[in-house]
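Examination of the molecular architecture
Residues per chain, in single letters:
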Amino acid sequence: MRKIVLMMSVSLDGYMEGPNREIDWHLVDDELHTHFNDVLRDMGAFLEGRVTYELMSAYWPTADRDPAAPRPVADFAAIWRNMPKLVFSRTLQHAEGHTTIVRDVVVKDIEALKAQDGGDLVVGGAELAAEFMRHDLVDEYRIYVHPVLLGAGKRLFPAADTATPTGLSLIETRTFGNGVVLLRHERPVD
C-alpha cells in the first residue's frame, strides 16, 4: 500500500512560512535540492492545495528553459511537469498537464488512492496538510528543519482540536552541509 508523505520545510521555531507568506529563508542549495529531487522523482503523485499548485505552476513548467538554471532546478522542473498531480480546491476551474482537480478530501477516496499501485503520495501545502492530519491520513513525516528563527508566521502544525497524542517512530535523520536537518518519522504499522 502506498503511503501519504508530508514533506515540508520549517524554521527551528516551527513556522513553514513567515508572517507575509515569505519562504525566502529556506536554505535550498544544490545538495538539498538534489536530495529533494531524489525523493520526489519516485513518488506516485503530488497532492497539492490550490495555493501551492498555483505557485508551483507559475514557475516550474518552464524553469528548465533558463540556460542559467542550476542542474537540480532543471531536474525538478521535469519531475514536476511529468508527475501526476491532484489539486484539492473548491474554486480552481482549470489546471494544466497531468493534473486532476479534486473538490474535497474524502477519506474513503484517499484510502482507495493509497491502495493503488505506484509510488507514495506526497502532500504539499499547509492547509491541505492540516486537513490530511485532521483526518489521520498522513503516514510519514519528512520535516526539514532550517537553522533560522522566524518568531512569527504560519505554523506547520496548527493547534489541534483535541489533545490526543499521535505516536511516531523515528526512521531517519540527516544533516545537510547548509545546516538543514531532516527528521523523518512514520506512524507505527498497526
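Attention here is on the structure that accompanies the text. (Residues numbered from 1 in each chain as written. Predicted model: local features only at pLDDT ≥ 70, side-chain atom pairs only at ≥ 80, totals over all residues. Heavy atoms only, no water.)

**Examining the nonpolar core**
Ranked by size, the top nonpolar core spans 26 residues in total, and within it M7, L40, M43, F46, W60, F76 and Y144 carry the most contacts. Elements that contribute at least two residues to this core include exactly β1 (4-11), α1 (30-40) and α3 (71-82). Element by element, the count of residues in this core is highest for α3, at five residues. Apart from the residues within four sequence positions on either side, M7 is in contact with F36, V39, L40, V122, V123, R142 and Y144. (Core = buried A, V, L, I, M, F, W, Y, C linked by side-chain atoms within 4.5 Å. Buried < 20%, exposed > 50% of the residue type's maximum accessible area, 1.4 Å probe, protein only. Helix = DSSP H or I, 4+ residues; strand = E, 2+ residues; numbered from the N terminus. Contact = heavy atoms within 4.5 Å.)

**A look at the pattern of salt bridges**
Inspection of every chain in the model, using the stated rule, returns 15 salt bridges. Close ionic contact of D75 with R71 constitutes a salt bridge, the shortest N to O distance being 3.1 Å. On the criterion of helical spacing, the pair formed by D75 and R71 is a turn pair, its members being four residues apart in helix α3. A relative accessible area of 58% means that R71 is categorised as exposed. Between D136 and R187 there is a salt bridge, with its nearest N and O atoms 2.3 Å apart. In this pair, D136 is assigned in the loop between α5 (126-134) and β7 (140-146) and R187 in the segment after β10 (181-186), connecting sequence segments 51 residues apart. Judged by relative accessible area, which is 23%, R187 ranks as partly exposed. The network of salt bridges with shared partners includes K3, E140, R142, E172 and R184. (Salt bridge = Lys/Arg side-chain N within 4 Å of Asp/Glu carboxyl O.)

**Topic: the sheet that holds strand β6 (residues 121-124)**
As a general point, the strands of a sheet are linked pairwise by backbone hydrogen bonds and lie either parallel or antiparallel. Across the sheet, which stays open at both edges, the eight strands sit in the order β5-β4-β3-β6-β1-β7-β10-β9 with mixed pairing between neighbours. The open sheet is flanked by β5 (99-102) and β9 (169-175), the only strands paired with a single partner. Neighbour to neighbour, the strand axes of the sheet diverge by 20 degrees on average, direction disregarded. As judged from the seven bridges shared by β1 and β7, these two strands associate in the parallel manner. Opposite M7, over in β7, you have R142 as the bridge partner. Docked against the sheet, α1 engages β1, β3 (45-49), β6, β7, β9 and β10, running at close to 170 degrees with respect to β7. Together, β3, β4 (85-88), β5 and β6 form the strand contacts of helix α2 (residues 50-59), whose direction differs from that of β3 by roughly 115 degrees. (Pairing = 2+ DSSP bridges. Axes fitted to C-alpha atoms, helices over the stretch in contact; angles between N-to-C directions.)

**As for the packing of α1 against α3**
Where α1 contacts α3, the two axes come as close as 9 Å, and the packing angle between them is 20 degrees. Taken together, the axes of α1 and α3 lie roughly parallel to each other. Where α1 crosses over α3, the two elements pack in a sense that is left-handed. Here D30, H33, T34, N37 and L40 of α1 lie close against α3, whose contacting residues are P72, V73, D75, F76 and I79. Of the residues assigned to the contact of α1 with α3, the class counts are five nonpolar, three polar and two charged. (Parallel < 35°, antiparallel > 145°, perpendicular 65-115°, else oblique. Left-handed = near helix turned anticlockwise from the far one by under 90°. Nonpolar A, V, L, I, M, F, W, Y, C, P; charged D, E, K, R; others polar.)

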